[in-house]
Amino acid sequence: INTLRLVLMHESNSQMRREAVRSLGQLRAQSALQEVRDALKSDKDVDVRMTAAATLGRLGDSRAKRDLILALKDPQPSVRAAAVRSLSELHAQVAVPRMVDALMDNHIDVRSAAADGLVKIKKQSLPYLIRELSFLKITRRNRVATVLGRFGRMAWVPLIKAFALPKSRQGARTALIAATNDNTTWSTLAQLIDNPPDERGKTLVKQLQNLGTLSTIQGVFTLWRQIAVPYRLQFQKVLGKIAKQVGPEGRQLLKQYAETGTDLSIRITALFALGHSGSLAVPILKPFLKNPNRILVLSTLQALGRTGESGFQEIQPFCNSKDEAFRLNATRALRYTNSPKAVKQLLLMLKDQAATIRIEALRGIVVQNDKSAIPEVRKLLNDPLNDVILTAIQTLLKLGDQKNLQLYITAIKRSPYPPASNYIKTLGELGGQQVIPLLQSLVKKYMRYWKSYRRQSKRWFRKYRRQHRRATESTLLNAVQQKMKGHIAAQTEAICSLIEATRALTKLNQPAFRTLMNAGYQSVNLYNPLKSPPKTCPWPSLAK
């Protein structure tokens, strides 16, 4: 070693010096560290400097980091590339920013060495590379994204968090496509986040059901706060179908989010998605029935219902619970459990003391479409509650028992106004001349409330104008709208029932809009509560 040190310091032949440096590296000669450092800094021969840079990496002494960082400015690309490789050998975190800069080097060997080095020291380089995704220069951003794409699963979450930020979304998207080999997910999520909710967005979410991957599940839950609520509800089913395609790994990821999700809505969505992932999710869902969080237990019951017949055994005990909420959710879950056992249990729930559960059991029987249930359903025609009678008749009609249509019409007439819109929708589906007078009377009845709403709104507008002379007309109208939001003409169910009645009349070839106009309807009226139909029922506006 000492002989080689002397050769390195005093030999005039550059080839001899280069071989001396290489031999010192092979011998791991720590005592020659200073001589090798000096060779890197001051030797005039390119090959000697390059070999010295490579040898410092082999020696593994952290004191050489500074010299290697300075060598990144060497005029020769071979020296710069060797310095980058040695810095990665030394896991030099302090040099990571310089290695990132080396990605922009003019020579491909240096860029390639920098990329390989950053991938080699993933843990140290990941935070720096993530920050670079918001860099303004697109070339630098794309090169960083390409490197991050080689990091694999460990970079997913940091990249998705960077994807959530507008300034780094483009770069993060490029990196995620490379890291996950999934273009569809990130293109879709970018559109969902950047644009307001609309029907096109819902179509894009639905497409993910067939094209999504494991990274889709990770992406949706990591970007949960950025995704609009209407899309979140869709993801309950979509993520379940994706997990089913992916297999055990997909279900385990959903289980992880159901257990440790940072938001209760994330945990509930993960549970529902597990239900949609098929019967193999039952063993995963079962432990959640003992969770201390009541909401999660109720959600698990719903999820088990989606698993089909295999979930019945876990749901059935809750049908006998003393807790009405548990019984209600168990009954609701049975609706989708396609099994003769489920039908039998639903028939038992028709005798429950709670009216909400009797109604839910009737709805479940409709979904099961079991005509053998007709005799038991008929018994509820004598129920003390009008809503139960209406739902029972509705169930009988949908099961093909048309004998009670007149009783159904009578029950709607006797029920408090407004009747539930789904009852009116059933009338439209059944058709027949005998339902027309009832539909027309419902339209006219709403219009009486509509006129009352208009009169009261005018009075309040005049009063507010006297009190607030400087206020704009739109401000006053908003104040009136807030004041009148409790009026029956502005209630969601009343408006929904009206629109279902007009739809049913149109379906029966009746002039529904003429009926409205004859009753005094004015679409251009300032105080028209029908200008903006409730978002809970996506029906056409009556403002025009």
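Predicted, not measured: the structure shown is a model, and the values here were computed from it.

## Some points on the overall build of the protein
What the protein contains, in helices and strands, is 32 helices and zero strands. Sequence separation of at least 24 residues holds for 65% of the intrachain contacts in the protein that already meet a minimum separation of 6. Just so you have it, the protein exposes about 26,800 Å², and 50% of that area is on carbon and sulfur atoms. Measuring between centres, the 86 positive side-chain charges of the protein sit 13 Å from its 38 negative side-chain charges.

## Examining the packing of aromatic side chains
For the structure on display, the rule yields nine aromatic pairs. Plain terms: the ring middles of Phe-163 and Trp-186 are 5.7 Å apart, the flat faces sit at 65° to each other, and that makes the pair edge-to-face. Placement of Phe-163 in helix α11 (residues 156–163) and of Trp-186 in helix α13 (residues 183–194) is noted, with a sequence separation of 23 residues between them. Between the aromatic rings of Phe-461 and Tyr-527, the centroid separation amounts to 6.1 Å while the plane-to-plane angle is 65°, which identifies the pairing as edge-to-face. Of this pair, Phe-461 sits in helix α29 (residues 436–467) while Tyr-527 is found in the segment after α32 (512–518), placing the two residues 66 residues apart along the sequence. Aromatic ring contacts, followed pair by pair, group Phe-221, Trp-224 and Tyr-257 into a single cluster. The ring of Phe-135 is capped by Arg-140, whose NZ or CZ atom sits 4.7 Å from the centre of that ring. The positively charged end of Arg-169 is found above the aromatic ring belonging to Phe-163, 5.7 Å away from the centroid.

## Here's the deal with a positive patch on the surface
A surface patch of positive charge is lined by Arg-455, Lys-458, Arg-459, Arg-462, Lys-463, Arg-465, Arg-466, Arg-469 and Lys-483. Sorting elements by how many residues they give to the positive patch places α29 first, with seven residues. Mapped onto the fold, Arg-455 is located in helix α29. For Arg-455, a relative accessible area of 47% puts it in the partly exposed group.

## Quick notes on α11
The periodicity of an α-helix, 3.6 residues per turn, causes residues three or four positions apart to be oriented the same way. Three or more residues of α11 are buried, namely Trp-156, Leu-159, Ile-160, Ala-162 and Phe-163. One side of α11 holds all its buried residues, which, seen down the axis, span an arc of 160°. Along its buried surface, α11 packs onto α9 (122–132), α10 (138–148), α12 (169–180), α13 and α15 (214–222).

## Let's talk about the environment of Val-238
Counting through the fold element by element, Val-238 comes out in helix α16 (residues 229–246). According to the relative accessible area criterion, Val-238 is buried, its value standing at 3%. For the pair Val-238 and Lys-206, spaced 32 residues apart in sequence, the C-alpha separation works out to 6.7 Å.

## What to know about the environment of Asn-386
Here Asn-386 lies in helix α26 (residues 386–398). Expressed as a C-alpha distance, the spacing of Asn-386 and Asn-2, which sit 384 residues apart in the sequence, is 104 Å. Among residues more than four places away in sequence, those in contact with Asn-386 are Ala-411, Arg-414 and Ser-415.

## Here's the deal with α26
Between its first and last C-alpha, α26 extends 18 Å over 13 residues, near the 18 Å set by a 1.5 Å rise per residue. Counting buried positions along α26 gives 10 out of 13 residues, so the element sits mostly inside the fold. Of the positions making up α26, those classed as buried are Val-388, Ile-389, Leu-390, Thr-391, Ala-392, Ile-393, Gln-394, Thr-395, Leu-396 and Leu-397. Buried residues belonging to α26 abut α24 (355–368), α25 (374–378), α27 (405–414) and α28 (421–430). Just past α26, the residue Gly-400 takes up positive phi, approximately 100°.

## Quick look at the packing of α16 against helix α18 (residues 264–276)
Where α16 meets α18, the axes come as close as 7 Å, and the angle between the chain directions of the two elements is 40°. Taken as axis vectors, α16 and α18 run oblique relative to one another. By crossing handedness, the relation of α16 to α18 is classed as right-handed. Packed against α16, whose contacting residues are Arg-232, Phe-235, Gln-236, Lys-237, Leu-239, Gly-240 and Lys-241, the element α18 presents Ser-265, Thr-269, Phe-272, Ala-273 and His-276 at the interface. In terms of residue class, the contact of α16 with α18 is built from four nonpolar, five polar and three charged.

## Quick look at the confidence of the model for the protein
Across the protein, the average pLDDT comes to 88, with 97% of residues at or above 70. In the predicted structure, residues 539–544 sits below a pLDDT of 50 and forms 26 contacts with residues beyond four places in sequence or in another chain.

## Here's the deal with unusual backbone geometry
Most peptide bonds are trans, and most residues other than glycine sit at a negative phi. For the peptide bond that leads from Tyr-417 to Pro-418, omega is 0°, which places it in the cis range. A positive phi is found at Asn-369, a non-glycine position, where the angle reads about 55°. Inspection of the secondary structure assignment puts Asn-369 in the loop between α24 and α25. For Asn-509, which is not glycine, the phi dihedral falls at a positive 65°. Judged by its relative accessible area of 69%, Asn-509 falls in the exposed class.

## Focus on the pattern of salt bridges
Inspection of every chain in the model, using the stated rule, returns 25 salt bridges. The salt bridge partner of Glu-89 is Lys-120, with a shortest N-O separation of 2.7 Å. Residue Glu-89 is found in helix α6 (residues 77–89), and its partner Lys-120 is found in helix α8 (residues 108–120); the two are separated by 31 residues along the sequence. Given the relative accessible area of 43%, Lys-120 is considered partly exposed. One salt bridge in this structure joins Glu-132 and Arg-140, with 2.6 Å as the shortest N-O distance. Summarising the burial analysis for this pair, Glu-132 and Arg-140 share the class buried. By sharing partners, the salt bridges in this structure join Arg-18, Glu-19, Arg-22 and Asp-47 into a single network.

## Regarding the nonpolar core
In this structure, Leu-148, Phe-235 and Tyr-446 are the most contacted members of the largest nonpolar core, which totals 180 residues. Sort the elements by how many residues they give to this core and α29 lands first, with 11 residues. Excluding residues within four positions of it along the chain, Tyr-446 makes contact with Tyr-417, Ala-489, Ala-494, Ile-495, Leu-498, Pro-529 and Leu-530.

## Some words on the environment of Asp-323
Relative to the helices and strands, Asp-323 is located in the loop between α21 (312–315) and α22 (324–334). The partly exposed category is assigned to Asp-323, whose relative accessible area is 21%. Engagement of the side chain of Asp-323 in a polar contact is seen with the backbone nitrogen of Ala-325, the distance being 2.9 Å.

What counts and what doesn't
As a convention, each chain's residues are numbered from 1 in the sequence order in which they are written. Predicted model: local features are reported for residues with pLDDT of at least 70 only, side-chain atom pairs are reported and counted for 80 or more only, and whole-chain, interface and lining totals are derived from all residues. With hydrogens and water excluded, all non-hydrogen atoms of the structure serve as input to the side-chain values. Each helix corresponds to a stretch of at least 4 residues labelled H or I by DSSP, and each strand to a stretch of at least 2 residues labelled E; elements are numbered beginning at the N terminus. Pairs of residues are marked as contacts when any of their non-hydrogen atoms sit within 4.5 Å. Using a 1.4 Å probe, the Shrake-Rupley method yields the accessible areas, and only the shown protein chains count as cover for residues. Neither His nor the chain termini are counted; the positive set is Lys and Arg, and the negative set is Asp and Glu. Where a charge sits is defined by one atom per residue type, namely NZ (Lys), CZ (Arg), CG (Asp) or CD (Glu). What counts as a ring pair is set by centres within 6.5 Å for rings of Phe, Tyr and Trp (its six-membered ring), and what kind of pair is set by the plane angle: stacked under 30 degrees, edge-to-face over 60, tilted for all other angles. Over a ring means this: the NZ of a Lys or the CZ of an Arg is within 6 Å of the ring centre and within 35 degrees of the ring normal. The patches described consist of residues with a relative accessible area above 30% and no salt bridge, like charges being joined within 9 Å and nonpolar side chains (Val, Leu, Ile, Met, Phe, Trp, Tyr) within 5 Å. When a carboxyl oxygen of Asp or Glu lies within 4 Å of a side-chain nitrogen of Lys or Arg, that pair is called a salt bridge. Partly exposed residues are those whose accessible area sits between 20% and 50% of the maximum for their type, while under 20% is buried and over 50% is exposed, using a 1.4 Å probe and protein chains only. Arc, as used here, means the arc of the directions from the helix axis to the C-beta atoms. Expected helix span is taken as 1.5 Å per residue step, with the number of steps being one fewer than the number of residues. Only C-alpha atoms enter the line fits that serve as axes; for helices the fit covers just the stretch in contact. Angles between N-to-C directions range over 0 to 180 degrees. In these notes the angle categories are as follows: under 35 degrees is roughly parallel, over 145 is roughly antiparallel, 65 to 115 is roughly perpendicular, and the rest is oblique. Crossings are assigned a handedness: left-handed for a near helix turned anticlockwise from the far helix by less than a right angle, right-handed for a clockwise turn. Lys, Arg, Asp and Glu make up the charged group, whereas Ala, Val, Leu, Ile, Met, Phe, Trp, Tyr, Cys and Pro make up the nonpolar group; the residues left over, Gly among them, are polar. Note on scores: pLDDT gives the predictor's confidence for each residue, bounded by 0 and 100. Grouping buried Ala, Val, Leu, Ile, Met, Phe, Trp, Tyr and Cys residues that are joined through side-chain atoms within 4.5 Å yields what is termed a nonpolar core. The definition of a polar contact used here is a pair of N or O atoms within 3.5 Å, where within protein one atom must be able to donate a hydrogen and the other to accept one, and adjacent residues in sequence count solely through side-chain atom pairs.

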